[in-house]
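# Topology and contacts: notes
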Amino acid sequence: MRSAADGWRKFWFEPEPTSTLALVRIAFGMIMVGWTIGLLPVLFPMFGAQGVLPRQPAIGHGTWGLLGVFTGNAAVVALFALTLATSVCLAVGYRTRLAAIVVFLGLLSFERRNPYAFDSGDALLRIIALYLALSGAGASLSLDRLRRGRERFWEFPLLARWPVRLLQVQLSLVYLFTVWAKTRGTSWNDGTAVSYALRVKDVNRFPVPDAISTSVLASNVMTYGTLAIELGLAVLVWNRRARPWVLGAGVLLHLAISYSIRIGFFTLGMFVLYLAFVPNETATRLILTVRDRLRPARTAVA
Amino acid sequence: MTLASAVVANLPQSRLRRDALTVARPYLNATGLDQSWGVFAPEPRRESIALRARVRFADGSTAVWRPPAGDALFGNYWDYHWQKWQEWVLDENHTQLWKPAAVFIARGRDRPGRHPVRVTLVRLTSRLNPPGHHPAHDRTVATPYYSLRITRAMLESGGRQ
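A brief structural summary. The structure presented is a predicted model; accordingly, all values stated were derived computationally and were not measured.

The next subject is the overall build of chain A. In terms of helices and strands, chain A carries 16 helices and two strands. Taken over the C-alpha trace, chain A has a radius of gyration of 21 Å; the compact-globule value for 302 residues is 19 Å, and the two agree within 12%. By principal-axis analysis of the C-alpha atoms, chain A measures approximately 60 × 55 × 55 Å. Per-residue burial for chain A yields a buried fraction of 54% across its 302 residues. Within chain A, counting contacts between residues at least 6 apart in sequence, those at least 24 apart form 76% of the total. Surface exposure of chain A reaches about 13,500 Å², of which carbon and sulfur atoms provide 68%. Between the centroid of the 31 positive side chains of chain A and the centroid of its 15 negative side chains there is a distance of 4 Å.

In structure tokens:
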């Protein structure tokens, strides 16, 4: 019993360097800049008072959002500008905690204002934003760190590992539940699901040859391959030796999905969760390598 | 609490899920942790769908509206909002979206001297045949499913009518 408690404590609360968390934060901040810019063409049609949904709908007990309180186009523009600015702040680590909170509020509020305009990728970004808002994501590789002391910028202070663990567990949950849901369907069992998914014209992105999308054999391979990779990611990602292989397979799977299907930011959101599995020592080494490569270049310029 | 709620939200439809969600749902909704990962599950769609709107003007002329779409490379990062909205507007269980959609479309086509007087929403569907069958798609069927007479008041006040 005691060892289980120790294991639980170690899993969630053991201090670790914040280099991995910094990579996650920077990647997420950059994606959020893109996500917010992506709202620009649909800002008034989707969220404006004279758009496709004039008022925020009631979609469930406890649901709330800033655009349900502050209505009108001025509020939409203000929230857009605020979300964009704080996304930049999050990426560079300026007033990081506050920036992460505002980014989360922006995501939540736009998604609540018109829930019919968003997909699973947006929900994933919202959840990541919440976890980062709760964490000390600006502890390293940030302007916040620089403000505390230039000479200690390249250090990675120790913090409890639970924010990174939350992101890692979230990745497992996504794959576990998607496999669970798929195995209840007929086409995922008879191996034809991917063929249908590739031929739904309204979500097609780049073309897939008919020889692949209508082939029974290719569909069987892709359907069962998808299930195997997703199940592998849900479970084997926790095995240190298997992790690089399942994450590599996951990257290929998501790139293939992103090539063929319009899924917005889902792939990029998943890749942020993948980053949470980069070991601290690898993240630290990577960051310091970049620093060392930049230093001679700066000296040469000087 | 957070993880337990996420697990509950993703359980299969069951008595356990219903009961647990009555407790967990407000927490999930309030924190933004509500989630569902049934992407293309339990079944991918067996048909391609598209929304079109026929706009008739006071002078008797007509026009066809379609949701905006960008290119495949970068357009994917903004036009998926239109694609998702289109799926809901085409859904017979979300009739509350039809009137504001029709009014929005009418407003976008309203010009001095050329006012829309009716908008008809049309569902285009093309059934997908199982892999290995020819043709891969059935022909596209157009089904008008909602029609709204547009008034001046609607054009002036958006979807608030």
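Let us now look at the overall build of chain B. Looking only at helices and strands, chain B features five helices and four strands. A compact globule built from 161 residues would reach a C-alpha radius of gyration of about 15 Å, whereas chain B, at 20 Å, exceeds it by more than 25%. C-alpha atoms of chain B, sized along the principal axes, occupy 60 × 45 × 35 Å. The buried share among the 161 residues of chain B stands at 48%. A separation of at least 24 residues holds for 57% of the contacts in chain B among residues at least 6 apart in sequence. By element, 55% of the accessible surface of chain B is carried by carbon and sulfur atoms, the whole surface being about 8,000 Å². Of the charged side chains in chain B, 23 are positive and 13 negative, and the gap between their average positions amounts to 5 Å.

Every contact between the two is made by 72 residues of chain A and, on the other side, 68 residues of chain B. Buried area between chain A and chain B, both sides added, is near 6,000 Å², and the carbon and sulfur share of it is 62%. When the buried area of chain A at its contact with chain B is split by residue, Tyr116, Tyr196 and Arg262 of chain A rank highest and sum to 13% of it. Along the contact surface separating chain A from chain B lie four salt bridges. Of the charged contacts, one joins arginine 45 of chain B and aspartate 202 of chain A as a salt bridge, the two residues approaching to 2.6 Å between their closest N and O atoms. Joining chain A to chain B, the criterion identifies 32 residue pairs in polar contact (both at pLDDT 80 or more). Elements with a contribution of two residues or more to the side of chain A that touches chain B: α2 (19–39), α3 (43–47), α6 (96–113), α7 (120–134), α9 (162–183), α10 (186–190), α11 (193–199) and α15 (266–275) of chain A.

So, about the packing of aromatic side chains. Given two aromatic rings, their pairing is described by the distance between the two centres and the angle made by the two planes. Applying the stated rule across the entire model yields 21 aromatic pairs over all chains. Ring plane angle 80° and centroid distance 5.1 Å describe the contact between phenylalanine 11 of chain A and tryptophan 12 of chain A, whose orientation is recorded as edge-to-face. Judged by its relative accessible area of 8%, tryptophan 12 of chain A is buried. Their ring planes at 90° and their centres at 4.9 Å tell us that phenylalanine 153 of chain A and tryptophan 154 of chain A sit as a pair that is edge-to-face. The class of phenylalanine 153 of chain A is buried, set by a relative accessible area of 15%. Each member of the aromatic cluster is reached from another via a ring pair, and the members are Trp8, Phe11, Trp12, Trp238 and Phe277 of chain A. Residue placement shows arginine 123 of chain B over the ring face of tyrosine 145 of chain B; its charged tip is 4.3 Å from the ring centre.

Thresholds, definitions, all that
- Residues numbered from 1 in each chain as written.
- Chains lettered and ligands numbered in written order.
- Predicted model: local features only at pLDDT ≥ 70, side-chain atom pairs only at ≥ 80, totals over all residues.
- Heavy atoms only, no water.
- Helix = DSSP H or I, 4+ residues; strand = E, 2+ residues; numbered from the N terminus.
- Rg over C-alpha atoms; globule rule 2.2 N^0.38 Å.
- Buried < 20%, exposed > 50% of the residue type's maximum accessible area, 1.4 Å probe, protein only.
- Contact = heavy atoms within 4.5 Å.
- Areas by Shrake-Rupley, 256 points an atom, 1.4 Å probe, with all protein chains shown as cover.
- Lys, Arg positive; Asp, Glu negative; His and termini not counted.
- Charge placed at Lys NZ, Arg CZ, Asp CG, Glu CD.
- Buried area = accessible area lost by both parts, 1.4 Å probe.
- Salt bridge = Lys/Arg side-chain N within 4 Å of Asp/Glu carboxyl O.
- Polar contact = N/O pair within 3.5 Å; in protein donor to acceptor, adjacent residues only side chain to side chain.
- Phe/Tyr/Trp six-rings, centres within 6.5 Å; stacked < 30°, edge-to-face > 60°.
- Lys NZ or Arg CZ within 6 Å of the ring centre and 35° of its normal.

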